[in-house]
Amino acid sequence: MAVRRWLLLLGLAGVLHGVRGQQPVPDSTGFISIDCGLPEHAGGYVDATTKLPYVPDGAFTDAGSNHNISVEYITPSYSKRYLNVRSFPGARRSCYTIPAPAPAGSKYLIRATFIYGNYDGLNRLPVFDLHLGVNFWTTVNITRPGMAQIAEVIAFVPGEYVQVCLVDTGSGTPFISGLDLRPMTNKLYAQANATQALVLVERTNFGVSDLSLVRYPEDPYDRVWIPWSDPEAWTEISTPEKVLGSADLRFHVPSAVMQTAIAPRNGSRTRTIELPWRAVPNHAYPEPGLIGIVFFAELEVVAGDALRQFEMTINTVLWSKAPYTPKYLISDIFFNSEPHQVSSGQYNFTLNATANSTLPPIINAAEIFTVVSTANLATDSKDVEAMSAIKAKYQVKKNWAGDPCAPKTFLWDGLSCSYAISMPPRITRLNMSFSGLSGGIPSYFANLKEIKYLDLSYNNFTGSIPNSLSELPFLVVL
């Protein structure tokens, strides 16, 4: 696609698309907006653009350190949340654990943002991984020190916590500027389910040549629609009239997005719109598949014998089952349920006017995603609760971050786990010998119901051994 401005735009304080008339503000209950690296004593604040409240991140992680970006990268256009970061030197995995604001089994939009800004004075642009819980999300490759970059995923969260982890891959210290959590209705984005998530490639609002974003409150889920147009190649079409939503409840697009579109320029010989999208490979997904969702609405009155009709192809393969004509001021959607797969990762989306069409094709908006697996299971929730309580009581630092047992490569020090097929991992061994522990032995250990070996030797415990430990059914060695 032509120059993508979405990375830069998200770093700006931004200009929201003007709201037409007095619109009711959508309910933002459940929105969690975290300014990573903001000191606790600074308190929260309300974002000047979205009017959404932001909070410091100290309540969600016990790792890392706060830094301000270098003054040379601070500009008046930057949102406040981009002026500081939290970095995680010397740790393989560092995690944020956020209480889920919606019931277990809900769907969320989760957005992480990054501006390096030479916060560490090293001028070394890092590359690191993000995990959503125990599953790979994406690789973050910081390419410019003063540019905002985002990672966004739409995912089903099975438990009562949302966990986002930064993983050091040996190419620089992981850091983060912000985290946003937005609950969604489970009907939206049916391709995101219990076993797979959608990772955003781009979300585009066609036909807008200025820097106006569409997001909350015009988008009730705070999706960020990035304006894109190329006046040399496309004619911009717009209407002040409201565009009605689709009857398909699996999708929702704001009217403000659908009120603009692009078409080939007047007088142009071409009757085609060509849009290239690239799914960037990474070490986990060297040949990523792509999910496309494209939105159409006719914005002009098509009179008399005039006809706007076109077909859609992806890499020259017909996508639309029949020639398509957009409906006047009504949103319509085309999408694929299963990911398109090509070895190059390059996808060329083309709209071709049919021979019968007297008008060129148009397109209003598009969302492009890759698919990642979320099939890895987290440790049994009762075991996690027990280990979290033990960690908190004894202020264990070690490598105790994220899930205790999964993935196996990040198993907590001193633990062994069992891994049954299609079942959550269970903790079977805990060795906390020589750990300088003191006081009475708490009952938390007795909540590890499948533990076989518990080693608490060479500590400074006092009092008797709790009877509850003798009742553990599988305990062999204490």
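What counts, and where the lines are drawn
- Residues numbered from 1 in each chain as written.
- Predicted model: local features only at pLDDT ≥ 70, side-chain atom pairs only at ≥ 80, totals over all residues.
- Heavy atoms only, no water.
- Helix = DSSP H or I, 4+ residues; strand = E, 2+ residues; numbered from the N terminus.
- Contact = heavy atoms within 4.5 Å.
- Polar contact = N/O pair within 3.5 Å; in protein donor to acceptor, adjacent residues only side chain to side chain.
- Salt bridge = Lys/Arg side-chain N within 4 Å of Asp/Glu carboxyl O.
- Buried < 20%, exposed > 50% of the residue type's maximum accessible area, 1.4 Å probe, protein only.
- Phe/Tyr/Trp six-rings, centres within 6.5 Å; stacked < 30°, edge-to-face > 60°.
- Lys NZ or Arg CZ within 6 Å of the ring centre and 35° of its normal.

Let us now look at the environment of Asp380. Position of Asp380 among the secondary structure elements: in the loop between strand 26 (365-373) and helix 3 (381-394). Apart from the residues within four sequence positions on either side, Asp380 is in contact with Pro424, Pro425 and Arg426. A polar side-chain atom of Asp380 sits 3.1 Å from the main-chain amide nitrogen of Lys382.

Let's shift gears to the pattern of salt bridges. Per the stated rule, a full pass over the model turns up 18 salt bridges. As a salt-bridge pair, Asp180 and Arg111 come within 3.3 Å of each other at their nearest N and O atoms. Residue Asp180 is located in strand 14 (residues 178-184), and its partner Arg111 is located in strand 8 (residues 106-114); the two are separated by 69 residues in the primary sequence. Notably, a salt bridge pairs Arg182 with Asp180, separated by 3.8 Å at the nearest N-O pair. Of the two residues examined, Arg182 and Asp180, each falls in the buried class. By sharing partners, the salt bridges in this structure join Arg111, Glu152, Asp180, Arg182, Arg203, Arg215, Asp222 and Glu367 into a single network.

This next bit is on the packing of aromatic side chains. Two aromatic rings, taken as a pair, are described by how far apart their centres are and by the angle between their planes. A full pass over the atoms with the stated rule returns 24 aromatic pairs. Centre to centre, the rings of Phe136 and Tyr285 are 6.1 Å apart; their planes meet at 40°, and the pair counts as tilted. With a gap of 149 residues between them, Phe136 in strand 10 (residues 135-141) and Tyr285 in the loop between strand 20 (272-278) and strand 21 (290-296) connect regions that are remote in the sequence. Here Trp400 and Trp412 contribute two aromatic rings whose centre-to-centre distance is 5.0 Å and whose plane-to-plane angle is 15°, an arrangement assigned as stacked. A residue pair is termed long-range when its members are at least 10 positions apart, and Trp400 in the loop between helix 3 and strand 27 (415-418) and Trp412 in the loop between helix 3 and strand 27 qualify at twelve residues. The burial state of Trp400 is the same as that of Trp412; both residues are buried. One aromatic cluster in this structure is built from Phe114, Tyr116, Tyr119, Phe128 and Phe175. Directly above the aromatic system of Trp225 lies the positively charged group of Arg203, at a separation of 5.7 Å from the ring centroid. Sitting above the plane of the Tyr453 ring, Arg429 keeps its charged end 4.2 Å from the centroid.

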